[in-house]
Amino acid sequence: MLPKIFNFIPFSLLLITTVSTAEPIKIVHWGDAYLPLKKEQTVRYSYRSESPLFLQYQDVNRDGIYNDAIIWYPFSLQVPLNPLPPTAENNKNWYGYRIHRPSARFYGGLIARFAQVSHLTKRNSKGDMVPIFDGFQQASVQPEEGARPCSYSTKYPNNIGRSWTYEDYPWLKWADMTIMVVNAGGDCCPISEAFWKAKTAMVNFTTLFVWKKADFINRGQEIDKVYFDSESRFSVDLTRFVENVEEVRFVVQDGQQWWISEASLQKLGEEQSGQAGMEVQNYKFGLTVMLSPLNSRWSPYSPEETDEMLYQELQQANFNPKKASPEEIQKYQQNSDRLLSNLNQLEFNPEQAEFVETHFEDVQAVGIYAATRPFSREITQLVFDNFQVYAEGQVPAKPGLEFDSQGASNFTETRLTGGISVNCDPFEETVRECLCDRVNVVGNLEVAPSQVGKLADIFVYAVSKSSPESNETTYYMLDKQGGIQVWDQQLSNLVPFMENVTLQSQQSVEMYKGQFLLPGYLQVFFGYRLKENNQFVISQEAIEVNIQPINEDRMNEMPYCESPAVKVCP
């Protein structure tokens, strides 16, 4: 008996021109299971697949005394900031990161500046004394805590539960972005432990996370000009730990120019409200920060990539102030000042900024900025997830693939696009949804003029896997009764979803409406077969849906499937 993955209701062919034209396009959504679970992994994971850079004997607090340390991941738009996948160059091939999940690739940089700590050392495995402040406590994707998808709790942002997870926890959970600069210390955390033991140590930090147009989802990377209008918006969930974070802002690269929002969230820790256009929803645990980009003024912003040659020169100097000559000390300090100025281009100073009304007409990257500029002796940490950006632009309809009776293929004038709406939300080509969510899957046809008016059979087929990373696939096709049949991938054996349809110049096919019955990953394709010559035309792009099991955790306030999140559309 075939697995029943659809609770299927067949629909007639609808004569409409498009899925949606008025709704904004989701171009970024960082909020998925990017790292494998311990129980399922065949590879290991790491917070970050390469070590951060560090230097001691710096003057980060500008007091004229070179007894400080800097730790950083260099700002870059070429080298990703995310953990590296197993196949990446210079990465240990047992480290796992699901780079092909939506918005998995991101760029940017992080810097922590520790004052009055250069004298603190530790003994390494070779017995040598080396600096303690040589890395972040944590800085990157955190696999063990985060959201519990398909749960319902009003205590957390977007009513999605976040909390510590357990070894026997049965369901996937979202990763989150974790920047632990200083925490409470203890045996787990040698940097933080050393920080608290140094009575005069202080810290500040700057972070920038960026998603580039090349990685925009829902085919946003194919839009000629991505722009913002009154319907566009940013949002991010700040969760679990938000300590000693002075400000949170959004950033945009429009053309070649970077901009940072005047709208901000400042002095986090207690219940907050946004400033200069920022909107905030406070929950018992965490908050959601939102911005319509036209509701804020923006300032030019100029992050710079690290001067690698200068860093290498400083590192190779093996500087020891107790043994160096006055000339060596002077040279090292001058180069240190130059490097620090270079790194500090990541930092934004609102007191020196000029904010102006800005229209974004060619968005090349979007991101989130968080920082604390004053030096302080406090726990300093930030956790966020569910970062989303909606924009506008015309997604080009790709030509279909045309196959003749001998199996030869070519591009055709017919354009085929499609999308899926979850719980009445806008249609998207790529979604992550819960098992009992209500969905509507629709495909659109712009039929080649030479084929308008001809009779055709409409067909629908799907590639099914347990997860996007799985190599085990099964192919299914839908028949006229809404039944699901295994397909052998031979076009000639496809059964009709709808028969004897007179093709219109523009029309839409409602392929499925209801609820999926099993979790998994589906790629849905559709097309038609001309009756007169058995010619096939099929879609190039899949409608992708990652179907998650329902979270039955005891922390749920009510079963997710009975919650207001699962809407019945009009």
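Values in this document were obtained by computation on a predicted structure and should not be read as measured data.

### Here we look at the nonpolar core
One finds Phe114 and Phe133 to be the most contacted residues of the largest nonpolar core, which totals 68 residues. Contacts of phenylalanine 133, omitting those with residues within four sequence positions, involve Phe54, Ala69, Ile71, Phe114, Val117, Leu120, Ile191, Ala194 and Phe195. Residues Leu416, Ile458, Tyr512 and Leu522 belong to the second largest nonpolar core, which totals 39 residues.

### Considering the pattern of salt bridges
One pass over the structure, following the stated rule, counts 23 salt bridges. Among the ionic pairs, aspartate 32 bridges to arginine 101, the shortest N-O distance being 3.0 Å. Of this pair, aspartate 32 sits in the loop between strand 2 (25-30) and strand 3 (53-58) while arginine 101 sits in the loop between strand 4 (68-76) and strand 5 (107-115), placing them 69 residues apart in sequence. Of the two residues examined, aspartate 32 and arginine 101, each falls in the buried class. One salt bridge in this structure joins lysine 155 and glutamate 557, with 3.7 Å as the shortest N-O distance. Placement of lysine 155 in the loop between strand 9 (145-147) and strand 10 (162-164) and of glutamate 557 in the segment after strand 33 (543-548) is noted, with a sequence separation of 402 residues between them. Glutamate 557 gets classed as partly exposed once you look at its relative accessible area, which sits at 38%.

### Digging into unusual backbone geometry
Not every positive phi belongs to a glycine, and arginine 62 is a case in point at roughly 55°. By the secondary structure assignment, arginine 62 is in the loop between strand 3 and strand 4. Within the chain, cysteine 424 stands out as a residue other than glycine whose phi angle is a positive 75°. Taking relative accessible area as the criterion, cysteine 424 reaches 34% and is therefore assigned partly exposed.

### A word on the environment of valine 245
Take valine 245: it is sitting in the loop between strand 13 (233-243) and strand 14 (247-254). Along the chain, valine 245 and lysine 267 lie 22 residues apart, while their C-alpha atoms are 6.2 Å from each other.

### Observations concerning the packing of aromatic side chains
All chains considered together, the criterion is met by 31 aromatic pairs. One Lys or Arg, lysine 212, reaches over the ring of tyrosine 107 and ends 4.4 Å from the middle of that ring. The aromatic ring of tyrosine 390 is capped on one face by arginine 233, whose charged end is 3.9 Å from the ring centroid.

### As for the confidence of the model for the protein
Of the residues in the protein, 89% have a pLDDT of 70 or more, and the chain-wide mean is 87. Ignoring residues within four places in sequence, the model shows residues 1-21, a span with pLDDT below 50, making 59 contacts including any to other chains.

### Things to note about the side chain of serine 192
Of note, serine 192 is situated in helix 1 (residues 190-197). Polar side-chain contacts of serine 192 include one of 2.8 Å to the side chain of glutamine 137. Dropping the residues within four chain positions of it, serine 192 is found in contact with Gln137, Val181, Val182, Asn183 and Gly185.

About the criteria used
- Residues numbered from 1 in each chain as written.
- Predicted model: local features only at pLDDT ≥ 70, side-chain atom pairs only at ≥ 80, totals over all residues.
- Heavy atoms only, no water.
- Core = buried A, V, L, I, M, F, W, Y, C linked by side-chain atoms within 4.5 Å.
- Buried < 20%, exposed > 50% of the residue type's maximum accessible area, 1.4 Å probe, protein only.
- Contact = heavy atoms within 4.5 Å.
- Salt bridge = Lys/Arg side-chain N within 4 Å of Asp/Glu carboxyl O.
- Helix = DSSP H or I, 4+ residues; strand = E, 2+ residues; numbered from the N terminus.
- Phe/Tyr/Trp six-rings, centres within 6.5 Å; stacked < 30°, edge-to-face > 60°.
- Lys NZ or Arg CZ within 6 Å of the ring centre and 35° of its normal.
- pLDDT = per-residue confidence, 0-100.
- Polar contact = N/O pair within 3.5 Å; in protein donor to acceptor, adjacent residues only side chain to side chain.

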